[in-house]
Amino acid sequence: MADAARAAGFAVFGPSAAAAMLEGSKGFTKDLCTRAGIPTAAYVRVEMATDALAALDRFDVPVVIKADGLAAGKGVTVAMTRAEAEAAIDLAGDGPMVIEEFLEGEEASLFALVHGERAVVLASAQDHKRVGEGDTGPNTGGMGAYSPALVLTPELEARVMREIVEPTAREMVAAGTPFSGVLFAGLMLTADGPKLIEYNVRFGDPECEAIMPRIEDDLAELLMAVATGAPFAAPTLSDKSAMTVVVAASGYPATPLRGGAIDGVEAAEREPGVTVFHAGTARHSSGALLASGGRVLAVTAIADTLANARARAYRGVDAITYADGFHRRDIGWRELGRKA
Ligand SMILES: Nc1ncnc2c1ncn2[C@@H]1O[C@H](COP(=O)(O)OP(=O)(O)O)[C@@H](O)[C@H]1O
Ligand SMILES: [Mg+2]
């Protein structure tokens, strides 16, 4: 779409199809890391299952098996045993895969705005991928997030830009496929420093919802500058914290229940600092608001501290009546626990 719209003369915020390979192929990004000396997990890129099984011999467990292409969040297995790794390879079938070393550490995300070789920090965030409290149960697209992630100190942010994001931007220019848009770096903060887990080439949610209320500049102007290649600088970010709590339809992530009635969104938004982003809702002809997806609402609040943002976000959630929905009550536990 970006290519077609650019060809038709529109300014576009977002990468070309060629530059979107940074998300579209794990192997593409791993090879780029090798060329540019970017810290990432040691890996082997294979074309089919038999090669993947052979490559396993080169790794200890745990080991990580990744389908190469887009897989709706279901393409990665962190295998604790060799048997689990073999089962994951069987399940992945005969497509290309990446087998990689298991990295230990805490995960965090850094969002950067990039156009060609120009790259600036947008904001940091952390999310909660598991469906259940205490980070248990199956993986989801994300059940909640907060920004900033204090574990990404200003020093670490600068290091991630210098060692990971900027070399990526340079390498994409050198390859003749410059990147433009938002580059969402998934990072593991290891004892040896930050390492790249993967890139997304878009504002993923729920991190996006937690970042937006912190941007004090005119977002449209900023995105237009990135789109047109005009000079742009890192936006002014509020030093307040924001938290997003996802309200999902019961059955999510497997088979979310559709059509559940939702009430009280306006009441939630009357709570100070609260914004409710609609993710999977539909307006019935009667005017009723109904669930129409897995993740239904992203209830977001901003406040002077993360603890206060959490209190506000949950006041927002509690103002909403949605009998078929559920949410986690412990979003932010890691960050909030740090200060205790
Ligand atoms: N090398 C690794 N070491 C440890 N954990 C990993 C590694 N690679 C991925 N993971 C875990 O698996 C999750 C999903 O992997 P990721 O590469 O982000 O794929 P996707 O988001 O496309 O499913 C990560 O968020 C992380 O928790
Ligand atoms: Mg990911």
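Above this text is the structure in question.
Right, let's get into the overall build of the protein chain. A tally of helices and strands in the protein chain yields 11 helices and 18 strands. Rg of the C-alpha trace for the protein chain: 20 Å, near the compact-globule value of 20 Å for 340 residues, within the 12% margin. Along the longest, intermediate and shortest principal axes, the C-alpha atoms of the protein chain span 55 × 50 × 45 Å. Expressed as a percentage of its 340 residues, the buried residues of the protein chain come to 47%. Of the contacts formed within the protein chain by residues at least 6 apart in sequence, a portion of 68% connects residues at least 24 apart. As displayed, the protein chain has an accessible area near 15200 Å², and 54% of this comes from carbon and sulfur atoms. Where the 31 positive side-chain charges of the protein chain centre and where its 45 negative ones centre are 2 Å apart.

The next thing to look at is the pairing of strand β12 (residues 241-249). Most of β12 is tucked away: 9 of the 9 residues are buried. Alternating positions in β12 separate into two faces, Ser-241, Met-243, Val-245, Val-247 and Ala-249 on one and Ala-242, Thr-244, Val-246 and Ala-248 on the other, with burial throughout. Here β12 runs beside strand β17 (residues 295-303); their pairing, made up of 8 bridges, is antiparallel. Bridged to Val-245 within β17 is Val-299. Sheet analysis places β12 next to strand β18 (residues 325-326), joined by 2 bridges and oriented antiparallel. Bridging across to β18, Ala-249 finds its partner in Gly-325.

The environment of ligand 1 is formed by 14 residues, the closest being Lys-26, Lys-66, Glu-100, Leu-103 and Glu-107. The separation between an oxygen atom of ligand 1 and a polar side-chain atom of Lys-66 is 2.7 Å. Backbone polar atom of Glu-101 to a nitrogen atom of ligand 1: 2.9 Å apart, as the coordinates give it. Elements that contribute at least two residues to the shell around ligand 1 include exactly β2 (63-67), β4 (97-101) and β11 (193-200).

Two pairing modes exist for strands in a sheet, parallel and antiparallel, and in both the strands are linked by backbone hydrogen bonds. Within the open sheet, the 3 strands sit side by side as β13-β16-β15. Their pairing is antiparallel. The open sheet has two edge strands, β13 (261-262) and β15 (281-283), and neither has a second partner. Across 2 bridges, the pairing between β13 and strand β16 (residues 289-291) is antiparallel. Within β16, the residue paired with Ala-261 across the bridge is Leu-290.

If you walk through the whole model with that rule in mind, you get 2 aromatic pairs. Here the aromatic rings of Phe-13 and Phe-203 are separated by 6.1 Å at their centres, their planes lie at 20°, and the arrangement is stacked. Pair noted here: Phe-13 is in the loop between α1 (2-7) and α2 (21-24) and Phe-203 is in the loop between β11 and α7 (207-211), with a separation of 190 residues, a long-range link. Here Phe-13 falls in the partly exposed class, since its relative accessible area comes to 26%. For Phe-203, a relative accessible area of 23% translates into the label partly exposed. Where Phe-111 meets Phe-184, the ring centres are 4.3 Å apart and the plane angle is 35°; that geometry is what we call tilted. Here the residue Phe-111 occupies a position in strand β5 (residues 106-115), and Phe-184 occupies one in strand β10 (residues 180-190), the gap between them amounting to 73 residues. Each member of the pair, Phe-111 as well as Phe-184, is classed as buried. Looking at Arg-118, its charged tip hangs above the ring of Phe-232, at a distance of 5.6 Å from the centre.

What follows covers the pattern of salt bridges. All told, the structure shown has 19 salt bridges when counted by the stated rule. Taking the shortest distance from any N to any O, the salt bridge between Glu-86 and Arg-82 comes out at 2.9 Å. Residue Glu-86 and its partner Arg-82 are located together in helix α5 (residues 82-92), separated by 4 residues, close to a single helical turn. Assessed through its relative accessible area of 36%, Arg-82 is described here as partly exposed. Ionic pairing is found between Glu-271 and Arg-315, a salt bridge with its closest N-O pair at 3.5 Å. Within this pair, whereas Glu-271 is found in the loop between α9 (265-270) and β14 (274-278), its partner Arg-315 is found in helix α10 (residues 306-318), the two being separated by 44 residues in sequence. Its relative accessible area of 24% is what places Glu-271 among the partly exposed residues. Residue classification places Arg-315 among the partly exposed residues on the basis of a relative accessible area of 42%. Beyond isolated ion pairs, a larger network of salt bridges with shared partners links Glu-106, Arg-334, Glu-335 and Arg-338.

This part covers the pairing of β10. For β10, a buried count of 11 out of 11 residues is recorded, marking the element as mostly surrounded by other parts of the structure. Pairing of β10 with β11 involves 7 bridges; the strand directions are antiparallel. Residue pairing across strands places Met-188 opposite Lys-195, the latter belonging to β11. Adjacent in sequence and paired antiparallel, β10 and β11 are bridged by 2 residues.

Conventions we followed
- Residues numbered from 1 in each chain as written.
- Chains lettered and ligands numbered in written order.
- Predicted model: local features only at pLDDT ≥ 70, side-chain atom pairs only at ≥ 80, totals over all residues.
- Heavy atoms only, no water.
- Helix = DSSP H or I, 4+ residues; strand = E, 2+ residues; numbered from the N terminus.
- Rg over C-alpha atoms; globule rule 2.2 N^0.38 Å.
- Buried < 20%, exposed > 50% of the residue type's maximum accessible area, 1.4 Å probe, protein only.
- Contact = heavy atoms within 4.5 Å.
- Areas by Shrake-Rupley, 256 points an atom, 1.4 Å probe, with all protein chains shown as cover.
- Lys, Arg positive; Asp, Glu negative; His and termini not counted.
- Charge placed at Lys NZ, Arg CZ, Asp CG, Glu CD.
- Pairing = 2+ DSSP bridges.
- Near = heavy atom within 4 Å.
- Polar contact = N/O pair within 3.5 Å; in protein donor to acceptor, adjacent residues only side chain to side chain.
- Phe/Tyr/Trp six-rings, centres within 6.5 Å; stacked < 30°, edge-to-face > 60°.
- Lys NZ or Arg CZ within 6 Å of the ring centre and 35° of its normal.
- Salt bridge = Lys/Arg side-chain N within 4 Å of Asp/Glu carboxyl O.

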